[in-house]
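Survey of secondary and tertiary structure
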Amino acid sequence: MSSPPRTYLDLIKICDNFAEIDIRKTAYAEPPDQVFYQLLLPDDPRPHGFLLPDVVAKMPWTQDFEVSAPDARPRTVQVLDFSNGQNTTEAVNAALLSVVQKAIDAGAFASLTRRRSGEDFRIPGARYPFIRLRRAAAGLFGIASLGAHMTMYTRTPEGEIKIWVPRRSAHLSTYPGKLDSTVAGGVRADESPYECILHEASEEASIPKSLVQQLAKPCGAITYIFTSDPGAGQEHGIMAPVVLYVYDMEVDHTITPKPQDDEVQEFCLWDVQQIKEAMFRGEFKTNCASVMIDFFIRHGIITDDNEPDYLEIITRLHRPLPVPTSAF
């Protein structure tokens, strides 16, 4: 059993836990170094994802894909455009949907059965609009996943910050019983991060949409790259880049979140010291600890004066990703 984290930097390293290497060079590497295949979209030389050789070997590829020969370098999985440019978005989306469905039908990957199969993520940075992939397959293909997290907090008459912290339900397949951000969710392909916060606030915490529209404030984003851990429900060894858009929402003492669906067990109103203690006991979902640390920095709770790893923490909260986040 691993020892509990001792510092804020320890907590971030648990989340941002993929090796600090040039991931783009792994398509040229040889064992025992880490090896990945690049995922290439039509008419775009930039890799939009990175797949493990074991995933490439087990995936039931269709004629819509071209997998490089074993001795070819770089190793690539090229999505083909059988529309010949007439409707590339539709062709690519159909190809990705078909191969993922074949993998589900074949029982090729346990991770494909652990998440809601009908939910899609957008592939960021694609030059054709609205390229999407099943959320459950995002880790297998190594695309950047987008999420949105909101921290809802209040202040005591003395000015002390208290934060609403939910505990995830024990029946969830990922991170059961762990502490979470007040409101959080994956950004679906057909929505913006803000729209994600609006519906998740209602569904998870019974917070009216009108109130979120009035009080929620966008506060930037954090980025990290993780490889599978025991709670994530992913295949071992994957490389998963993540962007989390972060929001703050300050409320008065009359606003109380309440579980609306079956994903949240309870909400607790905790002061900063209680949250710190829970973080160092390892009670928080790994990326939610990073979101909380970002909140602490932005609100002057963690500063260069009281934290020796301050600059390293800020750097690690904004790790450069090996995949594009813009079209050009």
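Note that the structure is predicted; figures quoted are calculated from it, not measured.

Assigned secondary structure in the chain consists of nine helices and twelve strands. Since a compact globule built from 328 residues should have a radius of gyration of about 20 Å, the 20 Å found for the chain is in line with a globular shape. Looking at the chain alone, contacts between residues at least 24 apart form 69% of all its contacts between residues at least 6 apart. Here the chain displays about 15100 Å² of accessible surface, and carbon together with sulfur accounts for 51% of that area. The averaged location of the 44 negative side-chain charges in the chain is 1 Å from the averaged location of its 32 positive side-chain charges.

This part takes up the pattern of salt bridges. Applying the stated criterion across every chain yields a total of 20 salt bridges. The partner of aspartate 180 in a salt bridge is arginine 168, with the nearest N and O atoms 2.9 Å apart. In this pair, aspartate 180 is assigned in the loop between β8 (161–168) and β9 (183–186) and arginine 168 in strand β8, connecting sequence segments twelve residues apart. Assigned by exposure class, aspartate 180 and arginine 168 land together as buried. Overlapping salt bridges, with partners in common, bring together Asp16, Glu20, Arg316 and Arg319 in one network.

Moving on, we come to the nonpolar core. With 101 residues, the main nonpolar core has Phe141, Met279, Phe284, Ile293 and Phe296 as its most contacted residues. With eight residues, the single largest contributor to this core is helix α8 (residues 286–298). Methionine 279 has contacts with Pro5, Tyr8, Leu11, Phe284, Ala289, Met292, Ile293 and Phe296, leaving out every residue within four places of it along the chain.

The geometry of an aromatic ring pair is captured by the separation of the ring centres together with the interplanar angle, meaning the angle of the planes. Here the structure, examined in full by the defined rule, presents eight aromatic pairs. On the numbers, 5.3 Å between centres and 70° between planes, the contact of tyrosine 153 with phenylalanine 295 is edge-to-face. Of the two residues, tyrosine 153 is situated in strand β7 (residues 145–155) and phenylalanine 295 in helix α8; the sequence distance between them amounts to 142 residues. Here tyrosine 153 and phenylalanine 295 have matching classes, each one buried. Seen in terms of ring centroids, tyrosine 224 and phenylalanine 226 are 6.3 Å apart; in terms of plane orientation they differ by 40°. Their pairing is tilted. Relative accessible area serves as the criterion here: at 6%, tyrosine 224 is assigned to the buried category. Assessed through its relative accessible area of 14%, phenylalanine 226 is described here as buried. Among the aromatic residues, ring-to-ring pairing joins Tyr8, Phe280 and Phe296 into one connected group.

Bringing the sheet that holds strand β2 (residues 47–51) into the picture now. Pairing between the strands of a sheet is mediated by backbone hydrogen bonds and can be parallel or antiparallel. Across the sheet, which stays open at both edges, the four strands sit in the order β2-β1-β4-β3 with mixed pairing between neighbours. Edge positions in the sheet fall to β2 and β3 (65–67), since each of these pairs with one other strand and no more. In this sheet, neighbouring strand axes are inclined to one another by 20° on average, regardless of whether the strands run parallel or antiparallel. Note that strand β1 (residues 37–40) and strand β4 (residues 76–79) share three bridges and pair parallel. From the neighbouring strand, leucine 40 faces β4, where its bridge partner is glutamine 78.

Glancing now at helix α3 (residues 88–106). For α3, spanning 19 residues, the distance from its first C-alpha to its last is 27 Å, which sits close to the expected 27 Å at 1.5 Å a residue. By the burial criterion, the buried members of α3 are Thr88, Thr89, Ala91, Val92, Asn93, Ala95, Leu96, Val99, Val100 and Ala103. In the core, the buried residues of α3 are packed alongside β3, β4, β6 (132–134) and α4 (138–141).

What follows concerns the pairing of β8. When you tally the buried positions in β8, you get seven out of eight residues, the bulk of the element. Bridge analysis of β7 against β8 gives three bridges, and the strand direction is antiparallel. Across the sheet, tyrosine 153 pairs through a bridge with isoleucine 163, a residue of β8. In sequence, β7 turns back onto β8 through a hairpin of five residues, with glycine 159 there showing a positive phi of about 95°. Bridge count for β8 against strand β12 (residues 264–271) is seven bridges, and the pairing is antiparallel.

Position of threonine 182 among the secondary structure elements: in the loop between β8 and β9. A relative accessible area of 2% places threonine 182 in the buried class. Among the polar contacts made by the side chain of threonine 182, one reaches the main-chain amide nitrogen of methionine 152 at a distance of 3.0 Å. Within the structure, the side chain of threonine 182 is placed 2.7 Å from the backbone oxygen of tryptophan 164, a separation counted as a polar contact. When residues no more than four places from it in sequence are discounted, the contact partners of threonine 182 are Met150, Thr151, Met152, Trp164, Pro166, Glu204 and Phe267.

Thresholds applied
Residues numbered from 1 in each chain as written. Predicted model: local features only at pLDDT ≥ 70, side-chain atom pairs only at ≥ 80, totals over all residues. Heavy atoms only, no water. Helix = DSSP H or I, 4+ residues; strand = E, 2+ residues; numbered from the N terminus. Rg over C-alpha atoms; globule rule 2.2 N^0.38 Å. Contact = heavy atoms within 4.5 Å. Areas by Shrake-Rupley, 256 points an atom, 1.4 Å probe, with all protein chains shown as cover. Lys, Arg positive; Asp, Glu negative; His and termini not counted. Charge placed at Lys NZ, Arg CZ, Asp CG, Glu CD. Salt bridge = Lys/Arg side-chain N within 4 Å of Asp/Glu carboxyl O. Buried < 20%, exposed > 50% of the residue type's maximum accessible area, 1.4 Å probe, protein only. Core = buried A, V, L, I, M, F, W, Y, C linked by side-chain atoms within 4.5 Å. Phe/Tyr/Trp six-rings, centres within 6.5 Å; stacked < 30°, edge-to-face > 60°. Pairing = 2+ DSSP bridges. Axes fitted to C-alpha atoms, helices over the stretch in contact; angles between N-to-C directions. Expected span 1.5 Å × (residues − 1). Polar contact = N/O pair within 3.5 Å; in protein donor to acceptor, adjacent residues only side chain to side chain.

Take it as geometry only, folks, not as evidence of what the structure does.
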